[in-house]
Amino acid sequence: DQQVKQNSPSLSVQEGRISILNCDYTNSMFDYFLWYKKYPAEGPTFLISISSIKDKNEDGRFTVFLNKSAKHLSLHIVPSQPGDSAVYFCAASEANAGNMLTFGGGTRLMVKP
Amino acid sequence: DAGVTQSPTHLIKTRGQQVTLRCSPKSGHDTVSWYQQALGQGPQFIFQYYEEEERQRGNFPDRFSGHQFPNYSSELNVNALLLGDSALYLCASGTSGPYNEQFFGPGTRLTVL
């Protein structure tokens, strides 16, 4: 049973517009959520995180929103740039499970010039 | 400051063989986690090492084993290789407390023929 799901395998956005990537989870014990970006032939790169005591966290062009009641989080990228084209993974962890991360299947974002 | 490094980059083995993958964590990190990423999927947690002991384990058979050395570097060993073990193996390092992001290496691509 997949505890973290990214239901959109791909997303195409025009440069300058907003990209919204979504993630759903089922395990109510998850209390820390992260987004990673992955380019081909590289390991995942940490982007931004949010703990369950918050509902929003911003870092430059990246904002993560958490809706605990819906068990849903989203990553907003504004404005989108061609260099943002990559595969994005959301991941979740529990405080009592150390740093073990449970990943979604990823969303491939393509930002067109 | 070198990030997480892994060796080798690529590896080809045949069924039934054994393989050892290596990882050096980012400076200042004391935990090492290993993940398996099959094609088109998100990374799956194999196990985590802290203070030279396996602290957590995911849903992987005993054919997967590991070790952490006093300098925090780590090895992943896989015995009796199966075709299904073909994947990208990612190493991630972090600090031992919760709510900390993990930093990933570039991975080792293992192909089992």
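Presented here is a report on the structure given in the accompanying data block. No experiment lies behind these values; they were computed from the predicted model shown.

What counts, and where the lines are drawn
Residues numbered from 1 in each chain as written. Chains lettered and ligands numbered in written order. Predicted model: local features only at pLDDT ≥ 70, side-chain atom pairs only at ≥ 80, totals over all residues. Heavy atoms only, no water. Helix = DSSP H or I, 4+ residues; strand = E, 2+ residues; numbered from the N terminus. Contact = heavy atoms within 4.5 Å. Rg over C-alpha atoms; globule rule 2.2 N^0.38 Å. Buried < 20%, exposed > 50% of the residue type's maximum accessible area, 1.4 Å probe, protein only. Areas by Shrake-Rupley, 256 points an atom, 1.4 Å probe, with all protein chains shown as cover. Lys, Arg positive; Asp, Glu negative; His and termini not counted. Charge placed at Lys NZ, Arg CZ, Asp CG, Glu CD. Pairing = 2+ DSSP bridges. Buried area = accessible area lost by both parts, 1.4 Å probe. Nonpolar A, V, L, I, M, F, W, Y, C, P; charged D, E, K, R; others polar. Axes fitted to C-alpha atoms, helices over the stretch in contact; angles between N-to-C directions. Core = buried A, V, L, I, M, F, W, Y, C linked by side-chain atoms within 4.5 Å.

Details of the overall build of chain A
Helices and strands together make up the secondary structure of chain A, namely 0 helices and 11 strands. Listing each helix as α and each strand as β along chain A from the N terminus yields β-β-β-β-β-β-β-β-β-β-β. For chain A, the spread of C-alpha atoms along the three principal axes comes to 45 × 30 × 20 Å. Excluding contacts between residues fewer than 6 apart, the proportion of contacts in chain A whose partners are at least 24 apart in sequence is 55%.

Describing the overall build of chain B
Assigned secondary structure in chain B consists of 0 helices and 11 strands. Walking chain B from its N terminus toward its C terminus, one meets helices and strands in the order β-β-β-β-β-β-β-β-β-β-β. Over its C-alpha atoms chain B spans a radius of gyration of 13 Å, differing by no more than 12% from the 13 Å that the globule rule assigns to 113 residues. Across its three principal axes, chain B shows a C-alpha extent of roughly 40 × 25 × 25 Å. Within chain B, the fraction of its 113 residues that count as buried is 48%. Relative to all contacts within chain B whose residues are 6 or more apart in sequence, the contacts with residues 24 or more apart total 53%. Carbon together with sulfur atoms contributes 49% to the accessible area of chain B, which is approximately 5,400 Å² in total. Across chain B, the 8 positively charged side chains and the 10 negatively charged ones have centroids separated by 12 Å.

A look at the sheet that holds strand S8 (residues 72–77) of chain A
Residue and element names in this part refer to chain A. One open sheet accounts for 5 strands, arranged S1-S3-S8-S7-S6; its pairing is antiparallel. Of all strands in the sheet, those with a lone pairing partner are strand S1 (4–5) and strand S6 (56–59), marking the two edges. Bridge count between S1 and strand S3 (residues 19–25): 2 bridges; the pairing is antiparallel. Among the inter-strand pairings, Lys 5 is bridged to a residue of S3, identified as Asp 24.

Brief notes about the interface of chain B and chain A
On the chain A side, the residues contacting the 24 residues of chain B number 19 residues. Between chain B and chain A, roughly 1,700 Å² of surface is buried when both sides are summed, and carbon and sulfur atoms account for 58% of that area. Residue assignment for the side of chain B that touches chain A shows that the elements contributing at least two residues are strand S4 (31–37), strand S5 (44–50), strand S6 (53–57) and strand S9 (87–94) of chain B. Among the elements that make up the side of chain B that touches chain A, the one with the highest residue count is S4(B) (3 residues). Class assignment for the residues of the side of chain B that touches chain A results in 9 nonpolar, 13 polar and 2 charged.

Some remarks on the sheet that holds strand S7 (residues 64–68) of chain B
All names here are of chain B. Read across the sheet, 4 strands follow the order S1-S3-S8-S7 without closing on themselves; strand pairing throughout is antiparallel. The open sheet terminates on both sides in strands that have one partner only, identified here as strand S1 (5–7) and S7. Direction aside, neighbouring strands of the sheet carry axes that sit 20° apart on average. One ladder, built from 3 bridges, connects S1 with strand S3 (residues 19–24); its direction is antiparallel. Looking across to S3, one finds that Thr 5 is bridged to Ser 24.

Description of the pairing of S7(B)
Residue and element names in this part refer to chain B. Side chains Phe 64, Gly 66 and Gln 68 of S7 all project onto a buried face; the interleaved residues Ser 65 and His 67 project onto a face where none is buried. When S7 meets strand S8 (residues 74–78), the two strands line up antiparallel, connected through 5 bridges. Pairing of Gln 68 across the sheet is with Ser 74, part of S8. Linking S7 to S8, which pair antiparallel, is a turn of 5 residues; within it Tyr 72 sits at a positive phi near 80°.

Focus on the nonpolar core
Residues and elements named next belong to chain A. Ranked by internal contacts, the top residues of the largest apolar core, which has 23 residues, are Phe 33, Trp 35, Leu 73, Leu 75 and Tyr 88. Only S3, strand S4 (32–38), strand S5 (45–51), strand S7 (62–67), S8, strand S9 (86–93) and strand S11 (107–112) provide two or more residues apiece to this core. The element best represented in this core is S9, accounting for 4 residues. Apart from the residues lying within four places of it in its own chain, the contact partners of Tyr 88 are Gln 6, Leu 21, Trp 35, Tyr 36, Lys 37, Leu 47, Leu 75, Ile 77, Gly 106, Thr 107 and Leu 109.

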